Amino acid sequence: MKIHIAPYNPEWVNMFEREAANIRRVIGNEVADIQHVGSTSVPQLAAKPIIDILLGLRDFSVADTIVVPAMQSAGYMYIDKWNDVLPLRRFFVKEDEMGKRFAHIHTVGIDNREWWDRHIEFRDYLRTQPETREAYEALKRELTCREWEDGSEYAGAKTEFIRKVEKLARQA
């Protein structure tokens, strides 16, 4: 599988805003916060054209009983493949009319500060550190030259870099 990286597109912000508004309509009061994270949330950064959404629930205990069924009824595909490895996260994807993925929704409890904070800090660090942003883009472009079993394998290849940036972000 080849990974496609697109030049930064300011429309990604609008796509996030539309999905965030839709998610708020779907699950309402369960939402504590919704953040645009991942590469599409960083101006000037090339990215896979898939919007990463971090959905913080007021109470994660409603994830399986309320959130999963509501999101599924609204057209979000629930992927439970990683629930054993990440039991405090629920993952959804959204596809366009052509069946192409355009959004990943990572659902956690807002009190899951380790998960929540590291995604926000990573995003914010890339937004304010052009050299790091450029190094991350260079790594991603290098990785697109390879064949991957799936998107998770590609993501895993970026983990060492991401962990170093997360450490820098926490220190900043």
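Residues numbered from 1 in each chain as written. Predicted model: local features only at pLDDT ≥ 70, side-chain atom pairs only at ≥ 80, totals over all residues. Heavy atoms only, no water.

**Here we look at the overall build of the protein**
On a plain count of helices and strands, the protein comes out with six helices and five strands. Moving toward the C terminus, one meets the helices and strands of the protein in the order α-β-β-α-β-β-β-α-α-α-α. Against the globule reference of 16 Å for 172 residues, the protein gives a C-alpha radius of gyration of 16 Å, in line with a compact fold. Each of the three principal axes of the protein carries a C-alpha extent, and together these read 40 × 40 × 30 Å. Within the protein, buried positions represent 47% of all 172 residues. For the protein, the accessible surface area stands at approximately 9,100 Å², while carbon and sulfur atoms represent 51% of it. Side chains of the protein carry 25 positive and 28 negative charges; the gap between the two charge centres is 2 Å. (Helix = DSSP H or I, 4+ residues; strand = E, 2+ residues; numbered from the N terminus. Rg over C-alpha atoms; globule rule 2.2 N^0.38 Å. Buried < 20%, exposed > 50% of the residue type's maximum accessible area, 1.4 Å probe, protein only. Areas by Shrake-Rupley, 256 points an atom, 1.4 Å probe, with all protein chains shown as cover. Lys, Arg positive; Asp, Glu negative; His and termini not counted. Charge placed at Lys NZ, Arg CZ, Asp CG, Glu CD.)

**A word on the pairing of strand β2 (residues 51-57)**
The buried count for β2 comes to seven of seven residues, which makes it a mostly enclosed element. Residues I51, I53, L55 and L57 line one face of β2 and the alternating positions D52, L54 and G56 line the opposite face, and both faces are buried. Examined bridge by bridge, strand β1 (residues 31-37) and β2 share six bridges and lie antiparallel to one another. Bridge pairing in β2 places H36 opposite I53. Strand direction decides the pairing type here: β2 and strand β5 (residues 101-109), joined by seven bridges, are parallel. Within the sheet, the bridge partner assigned to D52 lies in β5 and is H104. (Pairing = 2+ DSSP bridges.)

**Regarding the nonpolar core**
In terms of nonpolar packing, the biggest core is built from 26 residues, with I23, I27, I34, L55, M71 and I105 touching the most fellow members. Looking at this core, the elements with two or more residues in it are α1 (11-27), β1, β2, α2 (63-73) and β5. Of the residues forming this core, the biggest block, six residues, is contributed by α1. Ignoring anything within four residues of it in the chain, the contact list for I34 reads F16, A20, I23, R24, I53, L54, L55 and W116. Of all hydrophobic cores here, the second largest spans 17 residues; its members include Y125, Y154, I162 and A169. (Core = buried A, V, L, I, M, F, W, Y, C linked by side-chain atoms within 4.5 Å. Contact = heavy atoms within 4.5 Å.)

**Section: the pattern of salt bridges**
Summed over the entire model, instances satisfying the criterion amount to 13 salt bridges. Salt-bridge contacts for E121 lead to R170; the nearest nitrogen and oxygen are separated by 2.9 Å. Residue E121 is found in helix α3 (residues 113-128), and its partner R170 is found in helix α6 (residues 159-171); the two are separated by 49 residues along the sequence. A relative accessible area of 26% places E121 in the partly exposed class. The class for R170 is partly exposed, based on a relative accessible area of 45%. Between K164 and E160 there is a salt bridge; the shortest N-O distance is 3.4 Å. Taken together, the positions of K164 and E160, both in helix α6 and four residues apart, correspond to about one turn of that helix. Here the two residues K164 and E160 agree in accessibility, since each one is exposed. What emerges from the salt-bridge pattern is a single network uniting E114, R118, R163 and E166. (Salt bridge = Lys/Arg side-chain N within 4 Å of Asp/Glu carboxyl O.)

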